[in-house]
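Overview (structure and organization)
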Amino acid sequence: HERARRQLLWALAAGCLLTWALIWVGWVLPVAHSVERATPVDLGQSLSVVLSADERAGIWVSGASALLGTVRCTARADTESLPLRRVNALGWEDTLWWFTPRQGFVQRWQVRAVGEKAGPIVVRCVDSLDRYGGEFLVAADTSGSGSVMRGVPMGTALALGAVWLPLFVLILVPTLIVQALRRRGSARQGGHR
């Protein structure tokens, strides 16, 4: 039973490392590259981006108005107003803020292209008080769609996995190594008697 438990823990450590690598390659790095490539514009201006069918994008904001929560954004496709979904769950800003290539930018909304074909959408963000400055850009969405478990959004699970999985492995592996060395030491002492 003890050996099976050890093998299970080693398999768990390997699985966590693999999952962590997949999260970074498939989610963290693409989001960071998208934010880095995006061109920020000042609040009060409009920004046109092309989204493919049902593609989601993130609206990222920075500056004093973003910190104070006075930024308001709208999105339109032709004459149709697109709904914005507020991003307010634990996610990228709480765990991976240090990896954001444009310092100070945080994602506040998710916008989704509606329809079966690609097309341009126009995003406009303003300071509702018309007093504070800032910038915004449209880049990859960190919040994802759906949830992993009830009440745990996909973006939250990915953000926590990107940070906590390697820390878990960093604690688990040395513990398993120390236990293996102790067992080996006990076996040697038992063999010398």
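In what follows, the accompanying structure is described.

What counts, and where the lines are drawn
- Residues numbered from 1 in each chain as written.
- Predicted model: local features only at pLDDT ≥ 70, side-chain atom pairs only at ≥ 80, totals over all residues.
- Heavy atoms only, no water.
- Pairing = 2+ DSSP bridges.
- Helix = DSSP H or I, 4+ residues; strand = E, 2+ residues; numbered from the N terminus.
- Axes fitted to C-alpha atoms, helices over the stretch in contact; angles between N-to-C directions.
- Core = buried A, V, L, I, M, F, W, Y, C linked by side-chain atoms within 4.5 Å.
- Buried < 20%, exposed > 50% of the residue type's maximum accessible area, 1.4 Å probe, protein only.
- Contact = heavy atoms within 4.5 Å.
- Expected span 1.5 Å × (residues − 1).
- Bend = angle between axes of the 7 residues up to and from the residue.

This part is about the sheet that holds strand S8 (residues 119-127). What the four strands build is an open sheet, ordered S2-S8-S4-S5; its pairing is antiparallel. Bordering the open sheet on either side are strand S2 (46-51) and strand S5 (80-82), each of which pairs with just one other strand. Averaged over all pairs of adjacent strands, the angle between strand axes in this sheet comes to 30 degrees, irrespective of strand direction. Summarising the sheet, strand S4 (residues 71-77) and S5 pair through three bridges and their orientation is antiparallel.

Grouped together as the largest cluster of nonpolar side chains are 23 residues, with contacts concentrated most on Val71, Ile121, Val123, Cys125 and Phe136. For this core, the secondary-structure elements that each account for two or more residues are S2, strand S3 (56-62), S4, strand S7 (106-112), S8 and strand S9 (135-139). Discounting residues that sit within four places of it in the chain, valine 71 has contacts with Leu43, Val61, Ser65, Ala66, Trp109, Cys125 and Val126. Judged by nonpolar contacts, the second largest core, of 20 residues, contains Trp60, Trp92, Phe105 and Leu165.

With antiparallel pairing, the five strands of this open sheet are ordered in space as S1-S9-S3-S7-S6. Of all strands in the sheet, those with a lone pairing partner are strand S1 (41-42) and strand S6 (84-86), marking the two edges. Pairing analysis gives five bridges linking S3 to S9, with the strands arranged antiparallel. When the sheet's bridge partners are listed, valine 61 is paired in S9 with phenylalanine 136.

A rise of 1.5 Å per residue sets the reference length of helix H1 (residues 2-37), with its 36 residues, at 52 Å; its end C-alpha atoms lie 51 Å apart and thus fit the reference within 8%. Along its length, H1 reaches its greatest deviation from straightness, about 40 degrees, at tryptophan 24. Residues Arg6, Leu9, Ala13, Cys16, Ile23, Trp24, Trp27, Val28, Val31, Ala32, Ser34 and Val35 constitute the buried set of H1.

Looking at the secondary structure, you find serine 81 in strand S5. According to the relative accessible area criterion, serine 81 is partly exposed, its value standing at 48%. C-alpha separation for the pair serine 81 and alanine 57, spaced 24 residues apart in sequence, amounts to 15 Å. If near-sequence neighbours (up to four positions away) are discounted, serine 81 is found in contact with Ala75 and Arg76.

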